[in-house]
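# Remarks on the overall topology
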Amino acid sequence: MAQLFFKYGAMNSGKTIEILKVAHNYEEQDKPVVILTSGLDTRDEVGVVSSRIGMKRVATPIFKDTKVFEMIAAIEPKPYCVLVDEAQFLSRSAVYDLAKVVDDLNIPVMAFGLKNDFRNEMFEGTKHLLLLADKIEEIKTICWFCSKKATMNLHYIDGVPVYEGDPIQIGGNEAYYPVCRKHYFHPLIKK
C-alpha cells in the first residue's frame, strides 16, 4: 500500500542527498522514479535537484499552475515512486495532488523539505504535508555553533542575522545556517 512520506530537516541536513540515494536504489533495480522540485529553486537552475556536496540531477519543476496529479497519471510506464525536493515551496493544491497520487494511483510519494522558514514560521507546503502525510520523519543535523540538534534556519546577510522579510529567500551556506533554538535567538555570527 502506497503512502505519503514527509521528511523534513533544517538546512544542510542532507535532504537532497537522501532523494538522490533513494532514486539510485530504485533505478538500480530497473524501477523508474519521478523526481520533482519546486520551480522556485533556482540555485543551480530551474528543474535541477542539487546537493551541497556537488551531486545533482535533472528534475521536473513544479510551478503554481502545475497539475501534479495529471502529470504523474500520464507517465508510462508507471513510476515506482515519486520523489519531491524543496516541498516546502509547494502550494496547497500541489500537496493535495501528491496525496491523490498515493491514494488513486497507488504510487508512494516521498516529499522532502524545510519545516520552518528563517522567520520561524511554517511554509505553505510544509503545513499541508504535515496535515496529510502518512509518515513524518525528521532528518537531523547539528547546529552550526554548537553540538545540539539544529531545528531552525538562521538567515544572514553580510554576517548580520535577518528575521524579517519575504519568506522565500533561495540560498545555501552563503545565506543560511542550521541552528538550535538558543543560537537562533543568540547567534555567534561575526562580520
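None of the values given here were measured: they were computed from a predicted structure.

With that settled, consider the overall build of the protein. Each helix and strand in the protein was counted, giving five helices and 11 strands. Against the compact-globule benchmark of 16 Å for 191 residues, the protein has a radius of gyration of 17 Å, which places it among compact chains. Dimensions along the principal axes, computed over C-alpha positions, put the protein at roughly 55 × 30 × 30 Å. A burial count over the protein gives 48% of its 191 residues as buried. Split by element, the accessible area of the protein, about 9900 Å² in all, is 51% carbon and sulfur. Counting 24 positive and 25 negative side-chain charges, the protein places the averaged centre of each group 8 Å from the other.

Once that is clear, we can look at the environment of Gly9. The topology assignment puts Gly9 in the loop between β1 (4-8) and α1 (15-28). On a C-alpha basis, the gap between Gly9 and Leu36 in space is 18 Å, while along the polypeptide they are 27 residues apart. With residues up to four places along the chain from it excluded, the contact list for Gly9 reads Lys15, Gly113, Leu114, Lys115 and Ile139.

This paragraph deals with the state of the cysteines. What the rule picks out here adds up to zero disulfides. Free of any disulfide, Cys146 has its nearest cysteine sulfur in Cys180, 3.8 Å distant. On the accessibility criterion, Cys146 (25% relative accessible area) is partly exposed.

This part covers empty space enclosed by the protein. Following the criterion strictly, the structure yields one cavity of 30 Å³ or more and no others. Taken as a whole, the largest cavity spans an internal volume of roughly 60 Å³. Around the largest cavity, the lining residues are Tyr8, Gly9, Ala10, Lys115, Asn116, Glu138, Ala150, Thr151 and Asn153. Counted by class, the lining of the largest cavity contains three nonpolar, four polar and two charged residues.

Within the largest apolar cluster, 25 residues are counted, with the highest numbers of intra-cluster contacts made by Leu36, Val82 and Val84. When residues in this core are grouped by element, the largest group, six residues, is from helix α3 (residues 92-105). The residues contacting Val84, other than those within four sequence positions of it, are Ile19, Leu36, Ile62, Leu90, Leu98, Val109, Met110, Ala111 and Phe112.

Rules used throughout
- Residues numbered from 1 in each chain as written.
- Predicted model: local features only at pLDDT ≥ 70, side-chain atom pairs only at ≥ 80, totals over all residues.
- Heavy atoms only, no water.
- Helix = DSSP H or I, 4+ residues; strand = E, 2+ residues; numbered from the N terminus.
- Rg over C-alpha atoms; globule rule 2.2 N^0.38 Å.
- Buried < 20%, exposed > 50% of the residue type's maximum accessible area, 1.4 Å probe, protein only.
- Areas by Shrake-Rupley, 256 points an atom, 1.4 Å probe, with all protein chains shown as cover.
- Lys, Arg positive; Asp, Glu negative; His and termini not counted.
- Charge placed at Lys NZ, Arg CZ, Asp CG, Glu CD.
- Contact = heavy atoms within 4.5 Å.
- Disulfide = S-S within 2.5 Å.
- 1 Å grid on protein atoms, 1.4 Å probe; cavity = no way out; pocket = protein on both sides within 12 Å on 5 of 7 lines; lining within 4 Å.
- Points joined across faces, edges and corners; volume = space filled by probe spheres on them.
- Nonpolar A, V, L, I, M, F, W, Y, C, P; charged D, E, K, R; others polar.
- Core = buried A, V, L, I, M, F, W, Y, C linked by side-chain atoms within 4.5 Å.

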